[in-house]
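Residue-level structure breakdown
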Amino acid sequence: MNQILVRGSRIFDPASGLNEVGDILIEGGRIAALGTVNAGPEATIIPAQGLLALPGFNDIHAHAWPGLIPLCVDPEAAGVHAGATMVCDAGSAGWANLDEAAELFARRGAAGKFSAFVHLAPEGEKYLPEQGYERWDAKAAKAAIGRHSDLVVGIKVRAVEAALLCKDRDVVATAADFAHSLGLPLMVHVGDKGCVTLSVDAMYAETTRILGFLQRGDILTHAYTPFAGGLFRDGNPVPGLEAAISRGVLLDAAPGRGQFSFPIARRAIAQGFKPQLAGTDTVALPDPQPHFYCVATVISKFLALGLSLAEVAALATGNAARAVGKSDSAGALALGRDADISLVRLERGLFIFTDGGPGNLRMGTELLRPVATIAGGKRYDISEVIAGHRVDPVAAFRQMRERKKAATKR
Ligand SMILES: [Zn+2]
C-alpha cells in the first residue's frame, strides 16, 4: 500500500491533546500511525523536523467556487496551496445558481475538501451589494440545497445597508428562519463601510436586532470590523452580543482586507470576546499583500494579540470543523482519519502585521508560516506568494510613522 511518512515534526492538535515530537504514517490517504513509526522501504518520506504538524486548516470564509464569479479564486489557491486542506465558500453562490456552481465544481474537481455556505440572494455575491431578494423562493432554495447536500454546510447573508433596506422582506430574519428550518448554521456578515442612507446609529441598532435571530452554531463573520454595524462600538460590545455568545453564537475573525481592526480586536479580547473561528475572506482582487489570504497568517495575528498557540490552532482546526458539522472527518489528527495535515514553521523574530484597513499595524514575535499541505494523503506545495511573504520591519516602522503623522494632521 502507498505509504507516506511525515518524519519528526511536533504533532500538535489541541482537540486530541497531542503535543509531541513524532512521526505520522499515512496509508491509503488515512492516518495509520502516530508517534515513533517504522515505515516500509517503499514509503515516501517527508522530512518535517522543526515543523509543526497540525490538523489540516479549514478556511471557513473564502470565495472559491472555480470559475463562478470574478470574486472567486480557485479552491486550491485558497486551500492546499495556501496551507489549508478544507475551504468553505462563504456565499459566493446563491440558491438560484447553485446548480451551475456545483456543475463547475464537479467538472473541475478540487484538491482538498470543499464546502459552501449558500447565499440567500439568488445569485449569491455575483452582485455586490446583492440583488434579487424579491425573488426569494424558500421551496426552490430548499430543493437546490437538497440536490447538493454533499457541498452545502450553511446559509450566508450579508447585513449590509442594501439588504437591511430591502422592501420585500426582512432579509436577515428570513435567512435565519430558513437556515434553522434546515438545521444549518447561518453565517452573517456584519459591518458596512459604504452606508449612504442609514445612520451609523441605525446600523448598530440593526446589528442588535439581528443578534436576536441567531442561535447556537450561527456565525458572525468579520467579528472585529471597524465598519458601521459591527459588533463593537467605541470599544464596547453592542447590546445583545454577550447574550448571543452565551447562546453559542460563534465569532469568526475573517479579517479580509480591512474588515478587521487591531484596536477593536485588542479591546474586545481584553473583555473576553475571543474569536472561535478564523476564516480569511479570500477573494480574487488584485492584492499587493496576498498573505492576507492565508489562514496561518490570520491566526498569527491572534498570536500577536496574545492568544496561545493552542487557542489559535483550534480556531482553524477543531472549531472550524465543528462549525460546519465536519468533526467526524476533519479538524483532528487521529488514527483512521483522513490524512489532512498542515505543516507549518513557527518562526520567531520581529513581525509587523497589518489589519488591512486605513488603520493599524501590530508587532508580533511569532509567525506561523505554511510549509506544505497534506490533503487526503497527498502532498501539496505552498504557492510562492504565500510561502515567500517576508515582513520588512524597517519599512513597516516607516509606514507606521507615516500613518501616525497623517492621523494627527487630520
Ligand atoms: Zn466574504
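Residues numbered from 1 in each chain as written. Predicted model: local features only at pLDDT ≥ 70, side-chain atom pairs only at ≥ 80, totals over all residues. Heavy atoms only, no water.

**Focus on the overall build of the chain**
A count of helical and extended segments in the chain gives 13 helices and 17 strands. Computed over C-alpha atoms, the radius of gyration of the chain comes to 21 Å, within 12% of the 22 Å expected from 2.2 N^0.38 for 410 residues, which places it in the range of a compact globule. In terms of principal-axis extent, the alpha carbons of the chain reach across some 70 × 55 × 40 Å. Split into buried and exposed, the 410 residues of the chain put 58% on the buried side. By sequence separation, contacts in the chain at least 24 residues apart represent 76% of the contacts at least 6 residues apart. Split by element, the accessible area of the chain, about 16600 Å² in all, is 51% carbon and sulfur. Here the chain holds 42 positive side-chain charges and 42 negative ones, and the gap between their average locations is 6 Å. (Helix = DSSP H or I, 4+ residues; strand = E, 2+ residues; numbered from the N terminus. Rg over C-alpha atoms; globule rule 2.2 N^0.38 Å. Buried < 20%, exposed > 50% of the residue type's maximum accessible area, 1.4 Å probe, protein only. Contact = heavy atoms within 4.5 Å. Areas by Shrake-Rupley, 256 points an atom, 1.4 Å probe, with all protein chains shown as cover. Lys, Arg positive; Asp, Glu negative; His and termini not counted. Charge placed at Lys NZ, Arg CZ, Asp CG, Glu CD.)

**Here we look at the coordination of the zinc ion**
The protein atoms donating to the zinc ion are His 61 (NE2), His 63 (NE2) and Asp 281 (OD), with metal-donor distances spanning 2.1 to 2.3 Å. Summarised as a motif, the one-chain spacing of the donors to the zinc ion is H-x1-H-x217-D. On the criterion of sequence distance, the pair formed by His 63 in the loop between strand 6 (57-62) and helix 1 (75-78) and Asp 281 in the loop between helix 8 (262-270) and helix 9 (295-304) is long-range, its members being 218 residues apart. (Donors = N, O, S within 2.8 Å, 3.2 Å for Na, K, Ca; no water.)

**Some words on the sheet that holds strand 7 (residues 84-94)**
The strands making up a sheet associate through backbone hydrogen bonding, with each pair oriented either parallel or antiparallel. The strand order across the open sheet built from 7 strands is 6-7-8-9-10-11-14, with neighbouring strands paired in parallel fashion. In this open sheet, the two edge strands, each paired with only one partner strand, are strand 6 and strand 14 (250-252). Neighbouring strand axes in the sheet, compared pairwise and without regard to direction, differ in orientation by 25° on average. Across 6 bridges, the pairing between strand 7 and strand 8 (residues 113-119) is parallel. Residue Val 87 lies in a different strand from strand 8, and its bridge partner there is Phe 114. Sheet strands in contact with helix 5 (residues 171-182) are strand 9 (152-158) and strand 10 (186-189), and its direction is about 170° off that of strand 9. (Pairing = 2+ DSSP bridges. Axes fitted to C-alpha atoms, helices over the stretch in contact; angles between N-to-C directions.)

**What to know about the domain arrangement of the chain**
Domain annotation of the chain identifies domain 1 (3-54 + 337-394) and domain 2 (57-323). Across the contact, 34 residues belong to domain 1 and 36 residues belong to domain 2. Both sides of the domain 1 and domain 2 interface together cover about 2800 Å² of buried area, and 70% of this is carbon and sulfur. By the criterion of area lost to domain 2, the three top residues of domain 1 are Asp 355, Arg 362 and Leu 368, representing 22% of everything that side buries. (Domains from an automatic or database assignment. Buried area = accessible area lost by both parts, 1.4 Å probe.)

**What to know about the packing of aromatic side chains**
In total, this model carries 11 aromatic pairs according to the counting rule given. Between Trp 65 and Phe 114, the aromatic rings sit 4.9 Å apart at their centres with planes inclined by 75°, giving edge-to-face as the arrangement. Here the residue Trp 65 occupies a position in the loop between strand 6 and helix 1, and Phe 114 occupies one in strand 8, the gap between them amounting to 49 residues. For Trp 65, a relative accessible area of 0% gives the class buried. Both rings, one in Phe 232 and one in Phe 273, keep their centres 5.4 Å apart while their planes meet at 70°; by these two values the pair is edge-to-face. (Phe/Tyr/Trp six-rings, centres within 6.5 Å; stacked < 30°, edge-to-face > 60°.)

**Structural notes on the pairing of strand 5 (residues 52-55)**
The two faces of the sheet receive side chains in turn, since in a regular strand these alternate between them. One ladder, built from 2 bridges, connects strand 1 (residues 3-13) with strand 5; its direction is parallel. By the bridge assignment for strand 5, Ile 11 is matched with Ala 53. Looking at chain direction, strand 5 and strand 15 (residues 341-354) are connected through 4 bridges and run antiparallel. Looking at strand 15, one finds that Leu 52 is bridged to Val 344.

**Comments concerning the nonpolar core**
Counting residues in hydrophobic clusters, the biggest one holds 98 residues, and the most contacted among them are Trp 65, Leu 220, Tyr 224 and Phe 302. The dominant element in this core, judged by the number of residues it contributes, is helix 9, at 7 residues. A domain-level breakdown of this core finds at least three residues from each of domain 1 (3-54 + 337-394) and domain 2 (57-323). Val 6, Ile 341, Ala 372 and Ile 374 belong to the second-largest nonpolar core, a separate cluster that totals 17 residues. (Core = buried A, V, L, I, M, F, W, Y, C linked by side-chain atoms within 4.5 Å.)

**So, the pattern of salt bridges**
This model, assessed by the stated rule, comprises 17 salt bridges. Salt-bridge contacts for Arg 158 lead to Glu 130; the nearest nitrogen and oxygen are separated by 2.6 Å. Note that Arg 158 is positioned in strand 9 and Glu 130 in the loop between strand 8 and helix 3 (138-147), a separation of 28 residues in sequence. Taken as a pair, Arg 158 and Glu 130 share a single burial class, namely buried. (Salt bridge = Lys/Arg side-chain N within 4 Å of Asp/Glu carboxyl O.)

**Remarks on the environment of Gly 235**
One can find Gly 235 in the loop between strand 12 (232-233) and strand 13 (236-237). Judged by relative accessible area, which is 15%, Gly 235 ranks as buried. Through-space distance from the C-alpha of Gly 235 to that of Phe 302 is 18 Å; in sequence the pair is 67 residues apart. Aside from chain neighbours lying at most four places away, what touches Gly 235 is Arg 267 and Gln 271.

**Describing helix 5**
Under the 1.5 Å per step criterion, the end-to-end length of helix 5 is 17 Å for 12 residues, consistent within 8% with the ideal 16 Å. Looking at helix 5, one finds that the buried residues are Val 171, Val 172, Ala 173, Thr 174, Ala 175, Ala 176, Phe 178 and Ala 179. On its buried face, helix 5 sits against helix 3, strand 9, helix 4 (161-164), strand 10 and helix 6 (200-211). Where helix 5 ends, the next residue or the one after it, Gly 183, has phi of about 70°, a positive value. (Expected span 1.5 Å × (residues − 1).)

**Describing the pairing of strand 17 (residues 378-381)**
Bridge count for strand 16 (residues 361-375) against strand 17 is 4 bridges, and the pairing is antiparallel. Of the residues in strand 17, the one forming a bridge with Ala 372 is Asp 381. Between strand 16 and the antiparallel strand that follows it, strand 17, lie 2 residues; Gly 376 among them carries a positive phi value of about 55°.

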